[in-house]
Amino acid sequence: QVQLEESGGGLVQPGGSLRLSCAASGRFFRVNTMRWYRQAPGKERELVADINSAGTTTYTDSVKGRFTISRDSAEDTVYLQMNSLKPEDTAVYHCNAHIGGAFGWRDYWGQGTQVTVSS
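Residues numbered from 1 in each chain as written. Predicted model: local features only at pLDDT ≥ 70, side-chain atom pairs only at ≥ 80, totals over all residues. Heavy atoms only, no water.

## Quick notes on the pairing of strand E9 (residues 91–101)
The criterion, for reference: For each residue, the accessible area found with a 1.4 Å probe, counting protein chains only, is set against the maximum for its type, and the residue is called buried under 20%, exposed over 50%, and partly exposed in between. Note on conventions: DSSP H or I runs of at least 4 residues are helices, E runs of at least 2 residues are strands, and numbering of each starts at the N terminus. If DSSP finds at least two bridges between two strands, the strands pair.
Taken across its 11 residues, E9 has nine buried, putting it largely inside the fold. Bridge analysis of strand E4 (residues 28–39) against E9 gives nine bridges, and the strand direction is antiparallel. Following the sheet pairing, Gln39 is matched in E9 by Val92. Where E9 lies against strand E11 (residues 113–117), three bridges are found, and the strand directions are antiparallel. By the bridge assignment for E11, Val92 is matched with Gln114. As paired strands, E9 and strand E10 (residues 104–109) are joined by six bridges and run antiparallel to one another. From the neighbouring strand, His98 faces E10, where its bridge partner is Asp107.

If you want it as structure tokens, here you go:
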């Protein structure tokens, strides 16, 4: 069984920072691309950033220059450093990873962590 466990969400004032973490655990042989999505109330889920096994990253336009995605491949963990947070960044953030295991390659999801940006 493969699991993704997120941590690091919370309440922060506008302009503040948070760092999200997502660790993969269980029986698998490789983690490929890792992604962060977010979903705000009443809105569709949005891809925020991703990073492949070579370390190549992409970001949605609204977070460029403010968010940084990184990974520790030895620990099968992905991070999202969020700076200069805005109220519109408020959402549930979900980790997603493409993982090769006993059932072949599949996408796995974390349970989500709430980020609230408010004064």
